[in-house]
Amino acid sequence: MEKLWTGRFKKPINEIADKFNASITFDSRMIKQDILGSVAHAKMLAKQSIIPQNEADLIVETLTAILADIEQGTLQIDFSCEDVHMFVEQELTARLGDVGKKLHTARSRNDQVALDLRMYLRDQTLEIIELIKENIRAILSVAEANTDAVMPGYTHLQRAQPISFAQHLLAYASMLLRDVDRLSDALKRLNVSPIGSCALAGTTFDTDRAFEAELLGFSEPCINSIDGVSDRDFCLELMSDFAIAMMHLSRFSEEIVLWSSWEFRFIELDDSFTTGSSIMPQKKNSDMAELVRGKTGRVYGDLMALLTTLKGLPLAYNKDMQEDKEGIFDAVDTLKICLEVFAPMVESMSVKKDNMLAAAKEGFINATDLADYLAKKGVPFRTAYKITGEIVAYCIDNNKDLESMEIGEFKAFSPVFEDDLYGEISLEACLKKRSSFGGTSPASTRTQITQIKSKL
Ligand code: ARG
């Protein structure tokens, strides 16, 4: 097909150069946004009497028909076009002749592509926010059933203090809630309209950028035309937020893989979210969690790639910026598929409370509580800490745990010990007593669940 930019050229573009230059294979996913943007543009041009109202009506009607044809599959994208903007204009002109050629008044592909991308990413971000919320809901449902399931809490991956499984899960719910917050905040800066910036300097036509922005659901037009066509901060900001969300899913995935191992056996993933081995008949692998962990690297890469592309770019538009799309589309697709698989995987896993409890009973994870007991009876905490350490060493030497020590044995370390100590160091008591705000007691975790639900 003939290029829309012919006129100045004596020769057609080289075939390889044409292919190299084209973006239609990936930017055609923004066709809906491109058409809706053009509809608003035609309306603005008519309102400002830049083109006649009847011609704008024809353009709007035809663009609407083109969109319907694309959605119904009766119109195929022509991949010989350079990009989606050229394709829509070509199709409009094929249907309307000279009237179609008027649409590209007082705009450029430079502001058009920035507009399409903002609109597309706005739609995608709203979907992603919903998907993250679904994951939070899945986590809450497992947490609700496990506020009294005792498991070892870890620091340095060493058993540290008893916690509930709910408490551990709610940490992830809190992270994902911040992801929702970050994305909602990024939307504020994304939701500014670049259209009307034109090639870079604005236009000689009497346009109404605020009207066009409003038609398209933007909060305002951007205030500088050069910034309008050059800014890709919104992509970087979203990809940073996506990368953080992936990092959260990846940490959770790592734990799911660990917990599913025979060494832990804290959870078992549902068969429908695992795979077998081609050679080892006993294997049940947590591939979904591993893939989420693996794909996190991809999303980081997408962010780094665009940061690097933009670094050192002079103002205003440069063709380098066409490289923004594949990366952010990949980041969007990757995050979405990970979120889609993650929620049902979490929701359907079975929790092995007995194994968690058995693990919590080993490793002296109630040692802090024994030290706290002494401290509450007036022993300075540092001294209480030292006495408890000596008791733990004694237990290790004598193959005992704290609960199985006789009161006489305790008294040999400190006369302060009384029978009431046993009530203080049982795992259930250790959990229940940590009722500080945000703590691991069943009551505190139930409060957290209510708080997170109200934020949703
Ligand atoms: N396909 C281009 C992109 O994705 C659209 C803008 C082209 N503008 C230009 N002046 N060549 O960035």
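Residues numbered from 1 in each chain as written. Predicted model: local features only at pLDDT ≥ 70, side-chain atom pairs only at ≥ 80, totals over all residues. Heavy atoms only, no water.

Asker: Explanation requested: the pairing of strand S1 (residues 150–155) in the structure shown.
Answerer: Put simply, side chains in a regular strand alternate between the two faces of the sheet. In the sheet, S1 pairs with strand S2 (residues 158–164) via six bridges, with the strands oriented antiparallel. Along S2, the bridge assignment pairs Pro 152 with Pro 162. Here S1 folds back onto S2 in antiparallel fashion, the turn holding two residues, of which His 156 has a positive phi close to 55°. (Pairing = 2+ DSSP bridges. Helix = DSSP H or I, 4+ residues; strand = E, 2+ residues; numbered from the N terminus.)

Asker: Could you clarify how one ought to interpret the layout of surface pockets in this entry?
Answerer: Empty space among the atoms becomes visible once a probe the size of a water molecule is rolled across them. Of the voids in this model, the largest pocket is the one considered here, and its volume is about 420 Å³. Taken together, 17 residues make up the lining of the largest pocket; nearest its centre are Ser 260, Ser 261, Trp 262, Arg 265 and Lys 284. Those elements that place two or more of their residues in the lining of the largest pocket are helix H10 (233–260) and strand S5 (267–268). A per-class count over the lining of the largest pocket returns four nonpolar, seven polar and six charged. Roughly 340 Å³ of internal volume is contained in the second largest pocket. In this structure, the second largest pocket is lined by 17 residues; those nearest its centre are Gly 153, Tyr 154, Ile 163, His 168 and Glu 255. Mapped by element, the contributors of at least two residues to the lining of the second largest pocket are S1, S2, helix H7 (165–190) and H10. (1 Å grid on protein atoms, 1.4 Å probe; cavity = no way out; pocket = protein on both sides within 12 Å on 5 of 7 lines; lining within 4 Å. Points joined across faces, edges and corners; volume = space filled by probe spheres on them. Nonpolar A, V, L, I, M, F, W, Y, C, P; charged D, E, K, R; others polar.)

Asker: Would you explain the side chain of Ser 197 in this entry?
Answerer: Structurally, the position occupied by Ser 197 is in the loop between strand S3 (192–193) and helix H8 (209–215). Those residues in contact with Ser 197 that sit more than four places away from it in its chain are Asp 111, Gly 202, Arg 209, Cys 222, Asn 224, Ser 225, Gly 228 and Val 229. (Contact = heavy atoms within 4.5 Å.)

Asker: Help me understand the site of the ligand in this model?
Answerer: Around the ligand, the structure places Ser 23, Asp 27, Asp 83, His 85, Arg 109, Asn 110, Val 113, Tyr 317, Gln 322 and Lys 325. Here an oxygen atom of the ligand and a side-chain polar atom of Tyr 317 are 2.5 Å apart. Gln 322 places a polar side-chain atom, nitrogen or oxygen, 2.8 Å from a nitrogen atom of the ligand. Protein chains shield 86% of the accessible area of the ligand, which is 340 Å² for the free molecule. The element best represented in the shell around the ligand is helix H6 (residues 109–144), accounting for three residues. (Near = heavy atom within 4 Å. Polar contact = N/O pair within 3.5 Å; in protein donor to acceptor, adjacent residues only side chain to side chain. Areas by Shrake-Rupley, 256 points an atom, 1.4 Å probe, with all protein chains shown as cover.)

Asker: In this structure, what is going on with the packing of H6 against H10? I would like to understand it.
Answerer: Each pair of packed helices can be described by the angle between their axes along with the distance between the axes. Where H6 meets H10, the axes come as close as 11 Å, and the angle between the chain directions of the two elements is 20°. Taken together, the axes of H6 and H10 are roughly parallel relative to one another. Judged by the twist between their axes, the crossing of H6 over H10 is left-handed. In this structure, H6 contributes Ala 114, Leu 117, Arg 118, Leu 121, Thr 125, Ile 128 and Ile 139 to the contact, and H10 contributes Phe 234, Cys 235, Leu 238, Phe 242 and Phe 252. Of the residues assigned to the contact of H6 with H10, the class counts are 10 nonpolar, one polar and one charged. (Axes fitted to C-alpha atoms, helices over the stretch in contact; angles between N-to-C directions. Parallel < 35°, antiparallel > 145°, perpendicular 65-115°, else oblique. Left-handed = near helix turned anticlockwise from the far one by under 90°.)

Asker: What am I meant to see in the nonpolar core here?
Answerer: A general feature of soluble globular proteins is that nonpolar side chains tend to end up buried together. Core analysis: the largest hydrophobic core is formed by 72 residues, its most contacted members being Leu 121, Phe 165 and Phe 242. Of all elements in the fold, only H6, H7, H10, helix H11 (287–310), helix H12 (324–347), helix H13 (353–361) and helix H19 (442–455) reach the threshold of two or more residues within this core. If sequence neighbours within four positions are ignored, Phe 165 has contacts with Val 142, Asn 146, Ala 149, Met 151, Trp 259, Ile 267, Met 349, Val 351 and Met 356. Counting residues in each nonpolar core, the second largest holds 28 residues, with Val 39, Ile 70, Leu 96 and Leu 103 among its members. (Core = buried A, V, L, I, M, F, W, Y, C linked by side-chain atoms within 4.5 Å. Buried < 20%, exposed > 50% of the residue type's maximum accessible area, 1.4 Å probe, protein only.)

Asker: Looking at this structure, I do not really get unusual backbone geometry. What am I missing?
Answerer: Where the residue is not glycine, phi is negative for most of them; where a peptide bond is considered, it is trans in most cases. Across the junction of Leu 315 and Ala 316, the peptide omega takes the value 5°, indicating a cis bond. Here Ala 316 lies in the loop between H11 and H12. Backbone geometry at Ala 106 places phi at a positive 60°, although glycine is not the residue there. Residue placement: Ala 106 occurs in the loop between helix H5 (84–96) and H6. Positive phi, close to 55°, is recorded for His 156, a residue that is not glycine.

Asker: Would you explain the pattern of salt bridges in this entry?
Answerer: Two side chains carrying opposite charge are able to pair once their charged atoms lie near each other. Considering all chains together, one arrives at 31 salt bridges under this definition. Note that Lys 377 and Asp 420 form a salt bridge whose closest N and O atoms lie 3.0 Å from each other. Placement of Lys 377 in the loop between helix H14 (367–376) and helix H15 (381–397) and of Asp 420 in the loop between helix H16 (407–413) and helix H17 (421–425) is noted, with a sequence separation of 43 residues between them. Via salt bridges that share partners, Glu 82, Asp 83, Arg 109 and Lys 319 belong to a single interconnected network. (Salt bridge = Lys/Arg side-chain N within 4 Å of Asp/Glu carboxyl O.)

Asker: I tried to follow the environment of Leu 177 on my own but got confused; where do I start?
Answerer: Looking at the secondary structure, you find Leu 177 in helix H7. Spatially, the C-alpha atom of Leu 177 lies 8.0 Å from that of Ile 132, the residues being 45 residues apart in sequence. Look past the residues within four positions of Leu 177 in its chain and what remains in contact with it is Ile 136, Ile 452, Lys 455 and Leu 456.

Asker: So what exactly am I meant to see when it comes to the environment of Pro 12 here?
Answerer: Relative to the helices and strands, Pro 12 is located in the segment before helix H1 (15–21). Through-space distance from the C-alpha of Pro 12 to that of Leu 357 is 74 Å; in sequence the pair is 345 residues apart.

Asker: What exactly am I supposed to notice about the packing of H6 against H19 here?
Answerer: The geometry of H6 relative to H19 is characterised by a closest axis approach of 11 Å and an angle of 160° between their N-to-C directions. If you check the angle between H6 and H19, you find them roughly antiparallel. Once H6 is placed against H19, the crossing between them reads as left-handed. Two secondary-structure elements touch here, H6 through Ile 136, Leu 140, Ala 143 and Glu 144 and H19 through Ile 449, Ile 452 and Lys 453. For the contact of H6 with H19, a count of residues per class yields five nonpolar, no polar and two charged.

Asker: Can you walk me through H6 in this structure?
Answerer: The periodicity of an α-helix, 3.6 residues per turn, causes residues three or four places apart in sequence to face the same way. Under the 1.5 Å per step criterion, the end-to-end length of H6 is 52 Å for 36 residues, consistent within 8% with the ideal 52 Å. Across the 36 residues that make up H6, a large majority, 27, are buried. Its side-chain oxygen 2.8 Å from the backbone nitrogen of Asn 110, Ser 108 forms the N-cap of H6. (Expected span 1.5 Å × (residues − 1).)

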